[in-house]
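# Observations on chain architecture
Letter by letter, the chains look like this.
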Number of protein chains: 2
Amino acid sequence: MSKNITKRSEDYSKWYNELVVKADLAENSGVRGCMVIKPYGYAIWEKMQAQLDKMFKETGHKNAYFPLFVPKSMFEAEEKNAEGFAKECAIVTHYRLKNDPDNKGKLIVDPNAKLEEELIVRPTSEAIIWSTYKKWVNSYRDLPLLINQWANVVRWEMRTRLFLRTAEFLWQEGHTAHATKEEALAEAKQMHQVYTDFVQDFMAIPVIKGAKTETERFAGADETFTIEALMQDGKALQAGTSHFLGQNFAKAFDVKFANQEGKLEHVWGTSWGVSTRLMGALVMTHSDDNGLVLPPNLAPIQVVVVPIHKTDEQLAEISEQVNDLVKKLLKLNISVKFDDRTNLKPGFKFNEYELKGVPVRLAIGPKDLENGTYEVARRDTLTKEIVSKEGIEMFIVDLLETIQKEMFDRSLAFRDEHITEVDTFEEFKEVLETKGGFILAHWDGTAETEDKIKDLTKATIRCIPLDRKEEAGSCVFTGKPSEGRVLFAKAY
Amino acid sequence: MSKNITKRSEDYSKWYNELVVKADLAENSGVRGCMVIKPYGYAIWEKMQAQLDKMFKETGHKNAYFPLFVPKSMFEAEEKNAEGFAKECAIVTHYRLKNDPDNKGKLIVDPNAKLEEELIVRPTSEAIIWSTYKKWVNSYRDLPLLINQWANVVRWEMRTRLFLRTAEFLWQEGHTAHATKEEALAEAKQMHQVYTDFVQDFMAIPVIKGAKTETERFAGADETFTIEALMQDGKALQAGTSHFLGQNFAKAFDVKFANQEGKLEHVWGTSWGVSTRLMGALVMTHSDDNGLVLPPNLAPIQVVVVPIHKTDEQLAEISEQVNDLVKKLLKLNISVKFDDRTNLKPGFKFNEYELKGVPVRLAIGPKDLENGTYEVARRDTLTKEIVSKEGIEMFIVDLLETIQKEMFDRSLAFRDEHITEVDTFEEFKEVLETKGGFILAHWDGTAETEDKIKDLTKATIRCIPLDRKEEAGSCVFTGKPSEGRVLFAKAY
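Calculation notes
- Note that residues are indexed from 1 along each chain, following the sequence as it is written.
- The naming scheme follows written order: chains are lettered A onward, ligands numbered 1 onward.
- Confidence filtering applies because this is a predicted model: local features only for residues at pLDDT of at least 70, side-chain atom pairs given and counted only at 80 or more, and all residues used for totals across whole chains, interfaces and linings.
- Calculation of side-chain values draws on the structure's entire complement of heavy atoms; hydrogens and water are dropped beforehand.
- Numbered from the N terminus, helices here are DSSP runs of H or I no shorter than four residues, and strands are runs of E no shorter than two.
- In what follows, residue pairs with any heavy atoms lying within 4.5 Å of each other are defined as contacts.
- As used throughout, the charge tally considers Lys and Arg to be positive and Asp and Glu to be negative, leaving His and the chain termini uncounted.
- The atom standing in for a charge is NZ when the residue is Lys, CZ when it is Arg, CG when it is Asp and CD when it is Glu.
- Only residues with pLDDT of at least 70 in both copies contribute their C-alpha atoms to the least-squares superposition of the copies.
- Partly exposed residues are those whose accessible area sits between 20% and 50% of the maximum for their type, while under 20% is buried and over 50% is exposed, using a 1.4 Å probe and protein chains only.
- Two strands pair under a simple rule: DSSP has to find at least two bridges between them.
- Distance and chemistry together define a polar contact, namely a pair of N or O atoms within 3.5 Å, with one atom able to donate a hydrogen and the other to accept it when in protein, and with adjacent residues in sequence counting only for side-chain atoms on both sides.
- UniProt positions are given in the numbering used here, feature names are shortened, and annotations may be inferred rather than shown by experiment.
- When the centres of two rings from Phe, Tyr and Trp lie within 6.5 Å, Trp using its six-membered ring, the rings pair. Their planes under 30 degrees apart give stacked, over 60 give edge-to-face, and anything left gives tilted.
- Domain start and stop points were drawn from an automatic or database domain assignment.
- When two parts are brought into contact, each loses some accessible area as probed by a 1.4 Å sphere; the total of that loss over both is the buried area.
- One side-chain nitrogen of Lys or Arg within 4 Å of one carboxyl oxygen of Asp or Glu is enough to make a salt bridge.
- Geometry is summarised by axes, namely lines fitted to C-alpha atoms with helices restricted to the contacting stretch, and by angles between N-to-C directions that run from 0 to 180 degrees.
- Think of a nonpolar core as a cluster: buried Ala, Val, Leu, Ile, Met, Phe, Trp, Tyr and Cys residues, connected wherever their side-chain atoms sit within 4.5 Å.

In this section: the overall build of chain A. Broken down by element type, chain A carries 14 helices and 27 strands. For the C-alpha atoms alone, the extent of chain A along its principal axes is close to 80 × 70 × 55 Å. In chain A, 68% of the contacts between residues at least 6 apart in sequence involve partners at least 24 apart. One way to put it: in chain A the 66 positive side-chain charges average out to a point 3 Å from where the 77 negative ones average out.

Now for the relation of the copies chain B and chain A. You can overlay chain B on chain A at an RMSD of 0.0 Å; the transform is a turn of 180° with a shift of 0.0 Å along its axis. Accordingly, the operation relating the two chain copies is best matched by a two-fold axis. Taking C-alpha positions as reference, the residue of chain B nearest the rotation axis is Val92(B), located at 2.1 Å. Residue by residue, 100% of the interface of chain B is reproduced at the interface of chain A, so both copies engage with the same surface.

Once that is clear, we can look at the pairing of strand β27 (residues 485–489) of chain A. A regular strand places its side chains on the two faces of the sheet in alternate fashion. Residues and elements named next belong to chain A. Here β27 lies mainly inside the structure; five of its five residues are buried. Here four bridges tie strand β23 (residues 438–442) to β27, and the two strands are oriented antiparallel to one another. If you follow Leu440 over to β27, its bridge partner there is Leu487. Strand direction decides the pairing type here: strand β24 (residues 460–465) and β27, joined by three bridges, are antiparallel. Across the sheet, Cys463 pairs through a bridge with Leu487, a residue of β27.

Let us now look at the environment of Ala229(B). Its location among the elements puts Ala229(B) in strand β12 (residues 223–230). Residues Ala229(B) and Ala491(B) lie 262 residues apart in sequence; the distance between their C-alpha atoms is 9.6 Å.

Before going further, it helps to spend a moment on the side chain of Arg462(B). All names here are of chain B. Take Arg462: it is sitting in strand β24 (residues 460–465). On the basis of relative accessible area, Arg462 is assigned to the buried category, the value being 5%. A polar atom in the side chain of Arg462 sits 3.0 Å from the side chain of Glu228. With residues up to four places along the chain from it excluded, the contact list for Arg462 reads Lys212, Glu216, Thr226, Glu228, Ala236, Gln238, Phe438, Leu487, Phe488, Ala489 and Ala491.

Attention shifts here to the UniProt feature "domain: Aminoacyl-transfer RNA synthetases class-II family profile" (unreviewed entry) in chain A. In the numbering adopted here, UniProt assigns the feature "domain: Aminoacyl-transfer RNA synthetases class-II family profile" (unreviewed entry) to residues 27–295 of chain A. For residues 27–295 of chain A, the helix share is 29%, the strand share is 32%, and the end-to-end C-alpha distance is 22 Å.

Looking now at the packing of aromatic side chains. Two numbers describe a pair of aromatic rings. These are the distance of the centres and the angle of the planes. Using the criterion set out here, one finds 38 aromatic pairs over all chains in the structure. An angle of 25° between the planes, with centres 6.2 Å apart, marks the rings of Tyr95(A) and Trp156(B) as stacked. Here Tyr95(A) is found in the loop between β5 (91–94) and β6 (97–99), whereas its partner Trp156(B) is found in the loop between β9 (145–154) and β10 (168–178) on a different chain. By relative accessible area, which is 16% here, Tyr95(A) ends up buried. Ring plane angle 10° and centroid distance 6.2 Å describe the contact between Phe244(A) and Trp268(A), whose orientation is recorded as stacked.

A word on the domain arrangement of chain A. The assigned domain composition of chain A is domain 1 (12–286), domain 2 (303–399) and domain 3 (419–489). Taking only C-alpha atoms into account, the centre of domain 1 of chain A sits 41 Å from that of domain 2 of chain A.

Once that is clear, we can look at the interface of chain B and chain A. Each side of the interface is counted separately: chain B has 64 residues, and chain A has 64 residues. For the pairing of chain B and chain A, the buried interface totals around 5,300 Å² over both sides, and the portion due to carbon and sulfur atoms is 65%. Broken down residue by residue, the surface that chain B buries against chain A is led by Tyr65(B), Ile91(B) and Leu97(B), which jointly contribute 12%. Across the chain B-chain A interface, the total number found is six salt bridges.

Residues and elements named next belong to chain A. Listed as buried for helix α1 (residues 12–22) are Tyr12, Trp15, Tyr16, Glu18, Leu19 and Val20. If you follow the buried residues of α1, they end up packed against β1 (26–28), α8 (277–286) and α10 (346–356). Downstream of α1 by one or two residues, Asp24 has phi in the positive range, about 65°.

The peptide bond linking Leu143(A) to Pro144(A) adopts the cis configuration, its omega dihedral lying at -5°. Secondary-structure assignment places Pro144(A) in the loop between α5 (126–136) and β9 (145–154). Positive phi is not limited to glycine here, since Asp24(B) has a value of about 65°. Structurally, Asp24(B) can be placed in the loop between α1 (12–22) and β1 (26–28). Overall, Asp24(B) belongs to the partly exposed group, its relative accessible area being 26%. Even without a glycine there, the phi angle at Ala204(B) is positive, about 60°. Structurally, Ala204(B) is set in the loop between α6 (181–201) and β11 (208–211).

On to the sheet that holds strand β17 (residues 303–307) of chain B, then. All names here are of chain B. One open sheet holds the five strands; their spatial order is β18-β17-β19-β20-β21, and the pairing between them is mixed. Strands with a single pairing partner mark the edges of an open sheet, and in this sheet they are β18 (336–338) and β21 (384–388). For this sheet, the mean angle separating the axes of adjacent strands, direction not counted, is 25°. Two strands pair when backbone bridges link them, and strand β19 (residues 360–364) and strand β20 (residues 373–378) are joined in this way by four bridges, in the antiparallel orientation. Counted as the bridge partner of Ala363 is Glu375 from β20. Contacts between helix α10 (residues 346–356) and the sheet are confined to β17, β18 and β19, with β17 contributing the most and set at about 170° to the helix.

Taken as a whole, this structure holds 67 salt bridges over all chains when the rule is applied. With a shortest N-O distance of 3.6 Å, Arg165(A) and Glu157(A) are connected by a salt bridge. On the accessibility criterion, Arg165(A) (34% relative accessible area) is partly exposed. Salt bridges here are not isolated pairs; linked through shared partners, they connect Asp24(A), Glu27(A), Lys38(A), Lys356(A) and Lys135(B).

Now for the nonpolar core. Residues Phe69(A) and Phe69(B) are the most contacted members of the largest nonpolar core, which totals 100 residues. With residues near it in sequence (within four places) discarded, Phe69(B) still touches Val31(A), Cys34(A), Ala90(A), Val121(A), Val154(A), Trp156(A), Val92(B), Leu119(B), Ile120(B), Val121(B) and Ile128(B).

Attention now goes to the sheet that holds strand β19 (residues 360–364) of chain A. Residues and elements named next belong to chain A. Spatial ordering of the open sheet is given by β18-β17-β19-β20-β21, a layout of five strands whose pairing is mixed. Strands at the two margins of the open sheet, each flanked by one partner only, are β18 (336–338) and β21 (384–388). Neighbouring strand axes in the sheet, compared pairwise and without regard to direction, differ in orientation by 25° on average. As paired elements, strand β17 (residues 303–307) and β18 share three bridges and run parallel to each other. Its bridge partner lying in β18, Val304 is registered against Lys337. Helix α9 (residues 312–331) contacts β17, β18, β19 and β20 (373–378) of the sheet and is inclined by roughly 170° relative to β18. Sheet strands touched by α10: β17, β18 and β19. Its angle to β17, the strand with the most contacts, is close to 170°.

A few words now on the pairing of β24(A). All names here are of chain A. The buried fraction of β24 amounts to five of the six residues, a majority that puts the element mostly inside the structure. Pairing analysis gives two bridges linking strand β11 (residues 208–211) to β24, with the strands arranged antiparallel. Note that in β24 the partner of Ala211 across the bridge is Ile464.

Put into structure tokens, the structure is as follows:
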């Protein structure tokens, strides 16, 4: 199988688009801006879902499901939120088609089936969920509400890219309600940490934790916490956000509770989400010119075994031994595939699994049978070694752990090499143009300066890092005083 | 906690509506015809999903995800399918809202953001999926395609009821493509059997397997296989369908493959689905005037333990023992909850778990501590017994199995008592009015007679049972010859 993927150094964006399709992750559909997530891509998403779902449940959340549609009057109740999403909404106006009288076999929208009120296809579910919470919350005993939803949402983006920006995408959205500000803030921070742990430990992607500036905040939030990752081309990608909503939605939807003294108060809210966008981050953090590189914790197939044989007899002997190994690996919860298709050459298979990013490949031929060995190849480093078949199960267990760890370490090293502190705007622009990556610079704290820098350089403030050191300085653009550096980058 | 649910004998429909809400399964939302699936209801759905997903994967299927929207021209490609769903489609016509110039803070549809082509919110995904399969299928080597999707769909029903008929619902839809008619038919039958096994073994609902008449067939299918269940009020409920699509969609979307001789042929298709409607069947098969009755295989909480105590000391002693039991049960994969809330009386808790359908309730008080016993209550039979704490884990394992089996047996007995063979139309109408249930009667095989019977009695042909015996007879309505009886009922 020939890969024929553009090299990253030639055209990173083209490499990404080609790889996503050729590795069978996703493809464009016949519907503008909407993608088809193919079985191999979806299998990775399922692994991500399973792990996140486990982490949500361990932190006390339950899943539920709320409607796809939001009536316009409900949608506009929280003004900032409505304004933030109004420009990219799919709107349902009719509920019936009828036969086209002028064109047999064709259908037209039935003008007699116009909805009294338009329905917005949810771009996010705060409105529909808070209108429900109004019914669910009466007393402090009903709080906290800790609910998550796995769903599809629609944002009518004009320029779309597979996984990174699609008109429809899949995500989870947590929506919680609390009796106190402190508790809601703690929840938003907790989920920020859950996302950090997931992205770092499972996706092997290092992130910088921070808060968004007011400009970049979620529409309707008082505070947005974000995790920011760095892609190989030096652009940042927002990997997950957790919002402290204050009492904004509680006020918009009149959600009050009687506290222990019987006094009515508005509840405090959070919401938090990650989406299929993470699939794009996974590809752009680890993969190379040969194809995908998947971290073992998310690989649908962790180990593949390819037999190398000339005779049916050899294959039979190999199969017997490999089937035994497969059983042992499955018992250790390792997902393994024995590819004994006889119509394809080993070289073709090697290429295919390289393209698909399978972390570990074993090959076994007549010589290995004789010597009691396997050839073990790592996808991430493209290195090979000969390993004795005795105890190879535990060798593989260790190797998968090593790969997971080293993939993170390499991404972290790359990321850290691409954080640059600058003190002048000249430097700022130069680093952005030549090296890219994250730039730590002083900022005067105004939206005006933020906007100007964005207009001039396309770089945005990704976040105010949570662990930044207090450091008096002057804004890189205006020279006005600043209390610490913020993180700039061009971003996806 | 007072239940205040209407009795089934008073008003079955009201009982159902109230129970679904009071047992925290679902409720109506602020969006016409759309429901909110509440956490407890969703937890049951998650258990159903997990089991079905396992069964789909064991039969070789993979999950994928296709777009929510279908462009009108794509939707109308398969004419029968399009016609079948045209009357109940939500249609997206615009992609942007703007500020209402006459009404500050309000939004209106932006007339400048009209879509060139309307988008249908999928009522089912054959069109979008077959338009994709066209790209995926070239040669016999690409077949079979065995794909499933978990998704939401929208059918704009005018009269809706929680779970049974909602404008939006959740479901899975399998879509497969095959090289031969035989293989596609075998697939449709296999999935028919998977649904039968799931509904009988996990939901404890007996079903009759059959084929739909042409009138009742899925729009675009050559054959629809169905499983039909009987509810307590004598009405039938279609619990799952599996369709043999012939080459209809392959022809509509021009999906061809080169066979082994290199000749181009249209592929053969199937589709199959079950939905959140099954939640309604679960409620209406097993539950009673006291609330839900859940089969152990789908109960989010299988066992609840309620302490009965007067002093803190007693509670401490009880807790120590119960915590030990909980650990043992969890090890046996039994989901168990120890309800040690001190602000609620045991009687209140008993009521709550009865309403929620928890299969087994243990109570333990000072006397039980003394005697080394638990009081064990079954939800399905409302019976209690005193059981020694020694070896109670295995007693519970057995009891859960017994409950699962006996719930099925009781439903089967009820169902079998409600199958009546009739030979005259007078009898037909009388049984339908008095006893209800399934009626086995001869039918002349014409859609005309089927329609007339439906108009006169509201009964439809639920299916032509697969295991019916060959039996010459005369149509119950026209007296014309018939080769065997078909299954009639009023249905949900």
